[in-house]
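# Summary of the model geometry
Listed here are the chains, written in short residue letters.
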Amino acid sequence: MKTNHNYINFIKMHSNAQRWMVLVIFTALFSSVNRCYSQTQLRLNYDTPASNWNQALPLGNGRLGLMVFGDPASEHLQLNEETVWAGEPGNNVPKNVIGRIEEIRTLLFQGKSQEAQQLSNLTFPRQAPIDLNYGMPYQTVGDVVLSFTGHNIYTNYKRELDITNAISRTSYKVKGVTFRRTVFASFSDDVIIMKLTADRPKSLSFSINMGSKYKTQKLSVYPGQLELTGTGGSVDNKVGKVAFAAKIAPVVKGGRISTTNTGLIISNADEVTIYISIGTNFKNYKDLSGNAAKKANDILNKAKTVAYSQAVISHTKKYKKYFDRVSIDLGDSPQSQKTTDVRVREFATSFDPQLLSLYFQFGRYLLISCSQPGGQPANLQGIWNDSNSPPWDSKYTVNINTEMNYWPAEITNLAEMHAPLFTMLRDLAETGKESARSMYGARGWNMHHNTDLWRITGIVDGGFYGIWPMGGAWLTQHLWQHYQFSGDEKFLKSYYPVLKGAALFYLDMLREEPTHKWLIMAPSMSPENTYESGVGIAAGTTMDNQLIADVFNNIINASKILKLDAAFADSIGVALKRMPPMQIGQYSQLQEWLKDMDKPKDGHRHISHLYGLYPSGQISPFRTPELFEASRNSLVYRGDKSTGWSMGWKVNWWARLLDGNRAYKLISDQLSPAPTETKGQNGGTYPNLLDAHPPFQIDGNFGCTAGIAEMLMQSYDGNIFILPALPDVLQNGSVKGLRAKGGFELEFQWKAGKLKRLTVVSKVGGNCRLRIAEKLKLSGNAVLKLARGENSNRFYKVEMTKAPLISEKARLVGLTIPRTQLLDFDTKTGGVYTFVVDE
Ligand code: FUC
């Protein structure tokens, strides 16, 4: 492709601004020839085997996970099961600290921040004290290796992950014989199934071995079956008590299976189907009375009765029920003919809109594959982890990471995948009563910045990182969001006690600060950031105020909707009024702390005070223009490049700031090759499309997936904003199945950057308020009226944001906001409303 080369050379030589211009022209050229390229299937593909974990391909059914390496001579399947964690039931709440926490608060109120931090570090040491723990690591199960003599010389190699069907395939040729491997983690039969074929009879001869990294592990060889058993590790004050059993059972057509002391040998088979079944003794976070081997056996025996062809059909059917709800077309280019690793390498210097669609759908694929109803929520690595002491234990870090995992859940139409998080919240609302009571003398429940399989709620990582009693405040937003998207009042009712418990805790915790007499939270911190060297502990951070405002508004609204606890809701309302407004500081920035202490050169990865902009909806271009501008300034000060998750968050922020080009720039930063270093803050994307913090951390995938949706549609601000932040390079496209609050499902198409067609499916009825570009004229099968006043649809109720306090030194210029119109139409449950834009 001559044009393409010219284009690449051109952008290599030119500045960013010129690059953008060319990208726009190039897009326009390509959009007209888009359809010349077949709409590439949603596949990750490669022409070499994975030589390391970051090149291997993830498969999962929520509970079971595996990475497939696809080496012809030595196939490697690395196995996970979501409940294989170190340790045993039990919380990690430190004792006798109420007095200390009060002292720390007093120091903070006296302005003695260094002393407050010192006392906090002394009270909560960096390493877990002997009688406590800072959470347990998520651990690997083990590895299966299939060895094929003579398969190290091969041709015609192909390896792919087909995310429309959640199946991975490898094929290659040895001495004229084509070998194929197909693997999936079955959603219907709850086992991993691998089928091996060859196009010449009796060609399949290989050995099967299995191993694990555990101190306590045992491999048993039975006729036609291997069994690996082990026990999760012992860490800190906890003894490893999760027992697991992994069984591998091949079924051969032709040929035979024999055993050795260490494995199985398959000889001269025509076809082999391998079943892998894993069971643990985990029943729930306080009960390990299950029988791991029996569970693995029962599942295996049942799965083996299903014909392979049927197993494939029922697996894909169950998966596609979720995956197929959303389709997206952002355009195509010759880049999509290349292998995925090359496309990631070239993304920043080429025009590859299909990689965006693929990356978006890959995020949805990952969420379906690692978070299924009835199971555990996605941890820092989803379910994919080859270590017994993974980075940050692969726990649930809830000062951003776990929440980010679930940002795509509602908007990309995967609400069922949100369920494991809700179930975990129910558990935390129990275990968190202990930390609320014994650390703070408060009612309700709370947690700090981490939890794990055992639902710990105490301090983790000591008195710097750990002093953040806000985990429950943030996580419970997901309950409210789910209610707003689904309109499911039964759900709201059933989780009302969890919301109320969170509100009770903050109601008891708020204290009057000495200067303005505002009610604030202390001690806490603006996650992981400092305002003086080594000092992060703080009173009344902006994020805390925003979080508590959301917690309080949720409970006030929930109590009204459910007609419960009116007096309690009133008392919450009184406290809410006494909380601080947001503040705009001397650098025209949104203040991170109660005092104007932000440093414009601060490039910290967490920008927690922008929680109010996204995921919360307290800051809006239309309702709070000054806060909107200040948020933009804060974001500009922090810069773009950072950890994977931080860039994922920035995509969402730029989308909310209505700047599609900058959001796209952040996506390109995220879609740049991950560094080889396994630590640091230089994020990117691995060849297997998994996000690099680095190292691999799944939140960045989910954050960016949500961000792509957020560029196309937003429903947080009292209406459904169609194409709020479309990048110039994505001039033409369409999307189907995105979900807005109030149970609306949307399908729309745009051309030359303008909306062309729109279909709204209403699942729960009610007024639908659209925000679209000013000059567009829609006509369709519903009567559109210019919107006036508040949206009557109750799921679009917008809470008042207090007027900000603005520093005299701030210089706000007043940002230009795109001109739009607001249109209302009435919908009935089940109604389908289609509009076209008049030319
Ligand atoms: C938070 C972040 C880190 C990392 C860890 C798991 O502590 O600040 O960057 O993502 O979580």
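Residues numbered from 1 in each chain as written. Predicted model: local features only at pLDDT ≥ 70, side-chain atom pairs only at ≥ 80, totals over all residues. Heavy atoms only, no water.

This part covers unusual backbone geometry. Following His693, the chain continues to Pro694 via a peptide bond in cis, the omega torsion being -10°. Counting through the fold element by element, Pro694 comes out in the loop between strand E26 (691–692) and helix H21 (699–712). In this structure, Pro695 follows Pro694 across a cis peptide bond, with omega equal to 5°. Located in the positive-phi region is Ala166, a residue other than glycine, with phi close to 60°. Within the secondary structure layout, Ala166 lies in the loop between strand E6 (155–162) and strand E7 (167–174). (Helix = DSSP H or I, 4+ residues; strand = E, 2+ residues; numbered from the N terminus.)

With that settled, the discussion passes to the site of the ligand. Close contacts around the ligand come from Leu380, Trp392, Thr397, Asn401, Glu528, Arg605, His606, Trp645, His693 and Gln697, and that covers them all. Here an oxygen atom of the ligand and a side-chain polar atom of Arg605 are 2.9 Å apart. Look at the ligand: alone it shows 290 Å² of surface, and the protein chains cover 97% of it. Among the residues making up the shell around the ligand, the classes are represented as 3 nonpolar, 5 polar and 2 charged. (Near = heavy atom within 4 Å. Polar contact = N/O pair within 3.5 Å; in protein donor to acceptor, adjacent residues only side chain to side chain. Areas by Shrake-Rupley, 256 points an atom, 1.4 Å probe, with all protein chains shown as cover. Nonpolar A, V, L, I, M, F, W, Y, C, P; charged D, E, K, R; others polar.)

Under the defined criterion, the tally for this structure stands at 39 salt bridges. The partner of Arg181 in a salt bridge is Glu75, and the shortest N-O contact between them spans 3.2 Å. Note that Arg181 is positioned in strand E8 (residues 177–185) and Glu75 in strand E4 (residues 74–81), a separation of 106 residues in sequence. Glu75 matches Arg181 in its accessibility class, with the two residues each being buried. Of the charged contacts in the structure, one is a salt bridge between Asp602 and Arg638, with a shortest N-O distance of 3.1 Å. Linking Asp602 in the loop between strand E24 (583–584) and helix H18 (625–638) with Arg638 in helix H18, this pair joins segments that are 36 residues apart in sequence. Across the pair, exposure class does not vary: Asp602 and Arg638 are buried alike. A cluster of three or more residues bridged by salt bridges with shared partners is formed by Arg43, Glu160, Asp162 and Arg169. (Salt bridge = Lys/Arg side-chain N within 4 Å of Asp/Glu carboxyl O. Buried < 20%, exposed > 50% of the residue type's maximum accessible area, 1.4 Å probe, protein only.)

On to the side chain of Thr397, then. Its location among the elements puts Thr397 in strand E18 (residues 396–397). Under the relative-accessibility criterion, Thr397 is labelled buried at 7%. Setting aside residues no more than four positions away along its own chain, Thr397 makes contact with Leu380, Thr402, Glu403, His449 and Asn450. (Contact = heavy atoms within 4.5 Å.)

In an α-helix, one turn spans 3.6 residues, which is why side chains three or four residues apart end up on the same side. Among the residues of helix H4 (residues 113–123), Ser113, Ala116, Gln117, Leu119, Ser120 and Thr123 are the ones counted as buried. End-on, the buried residues of H4 take up no more than an arc of 165°, which puts them together on one face. For H4, the exposed residues lying more than 90 degrees away from the buried face are Gln118 and Leu122. Against the buried residues of H4 lie helix H3 (98–109), helix H12 (462–465) and strand E23 (537–538). (Arc of directions from axis to C-beta.)

We now examine the nonpolar core. Formed by 241 residues in total, the largest nonpolar core has its most connected members in Phe552 and Phe748. If one sorts the elements of this core by residue count, helix H15 (residues 489–509) sits on top with 12 residues. The contacts of Phe748, once residues within four sequence positions are left out, are Leu712, Met713, Ile722, Leu723, Gly733, Ser734, Val735, Leu755, Arg757 and Leu758. Grouped together as the second largest cluster of nonpolar side chains are 12 residues, Ile167, Val191, Ile299 and Val312 included. (Core = buried A, V, L, I, M, F, W, Y, C linked by side-chain atoms within 4.5 Å.)

Further remarks concern the sheet that holds E6. Read from one edge of the open sheet, 9 strands run E1-E6-E7-E8-E9-E16-E13-E12-E11, paired in antiparallel fashion. Every interior strand has two partners, whereas the edge strands, strand E1 (43–46) and strand E11 (217–222), have only one. For this sheet the average axis-to-axis angle between neighbouring strands, irrespective of direction, equals 15°. Pairing of E7 with E8 involves 7 bridges; the strand directions are antiparallel. Paired with Thr170 across the two strands is Arg181, which belongs to E8. Relative to the sheet, helix H6 (residues 308–323) contacts E7, E8, strand E9 (192–198) and strand E16 (271–280), its axis offset from that of E8 by approximately 50°. (Pairing = 2+ DSSP bridges. Axes fitted to C-alpha atoms, helices over the stretch in contact; angles between N-to-C directions.)

All right, on to the packing of H6 against helix H8 (residues 353–370) then. Following both chains from N to C, one finds H6 and H8 inclined at 125°, their axes separated by 10 Å at the closest point. When the axes of H6 and H8 are compared, the pair comes out oblique. Both H6 and H8 take part in a crossing whose hand is right-handed. Each of Tyr319, Tyr322 and Phe323 in H6 lies in contact with H8, whose residues at this interface are Gln361, Arg364, Tyr365 and Ile368. Split into classes, the residues belonging to the contact of H6 with H8 amount to 5 nonpolar, 1 polar and 1 charged. (Parallel < 35°, antiparallel > 145°, perpendicular 65-115°, else oblique. Left-handed = near helix turned anticlockwise from the far one by under 90°.)

Throughout the structure, instances matching the rule amount to 35 aromatic pairs. When the ring centre of Phe323 is taken as origin, the NZ or CZ atom of Arg364, which lies over that ring, is 5.4 Å away. The positively charged end of Arg656 is found above the aromatic ring belonging to Tyr716, 3.6 Å away from the centroid. (Phe/Tyr/Trp six-rings, centres within 6.5 Å; stacked < 30°, edge-to-face > 60°. Lys NZ or Arg CZ within 6 Å of the ring centre and 35° of its normal.)

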